[in-house]
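Descriptive analysis of the structure
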Amino acid sequence: VLHVPIKFGKGFSEVGARQGILLGIQNDELFADGTSAVDFHPKMKPAEADIVVQGKLGLCGFFSTNLDFILRQKGIKNVVLGGFLTNCCIESTMRTAYEHGYSVYTLKDCCAATSVEAHEKAFEHNFGMFSTISTADEVKAAMTA
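An account of the accompanying structure is given in this report. What you are looking at is a predicted structure, and each value in this text was computed from that prediction instead of being measured. Sequence order as written defines residue numbering, which begins from 1 separately in each chain. A pLDDT threshold of at least 70 governs which residues receive local features in this predicted model, and a stricter bar of 80 or more applies before side-chain atom pairs are shown or counted, although totals over entire chains, interfaces and linings include all residues. Just so you know, side-chain values use all the structure's heavy atoms and leave hydrogens and water out.

Our next topic: the nonpolar core. Counting 18 residues, the largest nonpolar core has Phe-62 and Tyr-102 as the members making the most contacts within it. When residues of this core are traced back to their parent elements, those giving at least two are helix 2 (67-73), strand 3 (78-84), helix 3 (86-99), strand 4 (103-112) and helix 4 (116-130). Only DSSP runs of H or I with at least four residues qualify as helices, and only runs of E with at least two residues qualify as strands; both kinds are numbered from the N terminus onward. Of all the elements, helix 4 adds the most residues to this core, at four residues. Once residues within four sequence positions are removed from consideration, Tyr-102 is found in contact with Phe-62, Asp-68, Leu-71, Arg-72, Ile-76, Lys-77, Val-79 and Ala-97. Only buried residues count toward a nonpolar core. Its members are Ala, Val, Leu, Ile, Met, Phe, Trp, Tyr and Cys residues joined through side-chain atoms within 4.5 Å. Each residue is assigned to one of three classes by its accessible area relative to the maximum for its type, calculated with a 1.4 Å probe on protein chains only: buried under 20%, partly exposed between the two thresholds, exposed over 50%. Listed in part, the six residues of the second largest apolar core include Ile-6, Phe-12, Val-15 and Ala-32. Note on contacts: a residue pair is in contact if any heavy atoms of the two residues lie within 4.5 Å.

Criterion for a salt bridge: a side-chain nitrogen of Lys or Arg within 4 Å of a carboxyl oxygen of Asp or Glu. Throughout the structure, instances matching the rule amount to five salt bridges. The shortest N-O distance in the salt bridge between Asp-33 and Lys-7 comes to 3.9 Å. Placement of the pair is Asp-33 in the loop between helix 1 (20-27) and strand 2 (51-52) and Lys-7 in the loop between strand 1 (2-3) and helix 1, with a sequence separation of 26 residues. Taking the relative accessible area as the measure of exposure, Asp-33 reaches 39% and is therefore partly exposed. Put simply, Glu-120 and Lys-108 hold a salt bridge, and the shortest N to O gap is 3.0 Å. In this pair, Glu-120 is assigned in helix 4 and Lys-108 in strand 4, connecting sequence segments 12 residues apart. We classify Glu-120 as partly exposed; its relative accessible area is 34%.

Within the fold, Ala-145 resides in the segment after helix 5 (136-144). The exposure class assigned to Ala-145 is exposed, which follows from its relative accessible area of 90%. In sequence terms Ala-145 and Thr-86 are 59 residues apart; their C-alpha atoms lie 28 Å from each other.

Glancing now at the pairing of strand 3. Strand pairing is assigned whenever DSSP identifies at least 2 bridges connecting the two strands. The pairing of strand 3 with strand 4 spans six bridges and is parallel. Bridge pairing links Asn-78 to Ser-103 in strand 4. Handedness of a crossover is defined as follows: with both strands directed away from the viewer, a clockwise route from the first strand across the helix to the second makes it right-handed. Handedness of the β-α-β unit built from strand 3, helix 3 and strand 4 comes out right-handed.

Written out as structure tokens, the structure is:
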């Protein structure tokens with residue numbers, strides 16, 4: 001299991017956005033290193049064997065991180081995605097994983113957006129082009145089969 005949290009340094013010097021979600025993150029000083037905003041929820045804390053990928057400074061889990069390097073070094077060919085925001089970070093990471101040649105599985109019941117409608121529309125219109133839409137139970141069953 002790999003976790004790819006977004007985190008910015010004090011002052012947000014890494015962000016140069018002039019519009020959109022990253023500008024909002026910068027203006028509102030969200031996800032600042034050393035604040036509770038970047039802490040894992042107690043139920044989502046990485047297990048000892050999990051890997052926490054560092055360096056996510058944008059929307060995609062691959063961009064600005066060594067995620068691809070880690071996956072390839074470990075011989076991982078399948079990427080299973082869950083997280084927040086369905087129609088932003090998850091979608092960006094899904095598309096990049098697909099373009100890098102991974103088999104991508106997106107967990108519909110383990111993703112969320114800022115609205116149910118945005119979540120449903122992303123899966124309805126986009127996710128099937130770049131991933132196999134799955135559930136946590138389906139993936140667990142496949143892993144134990």
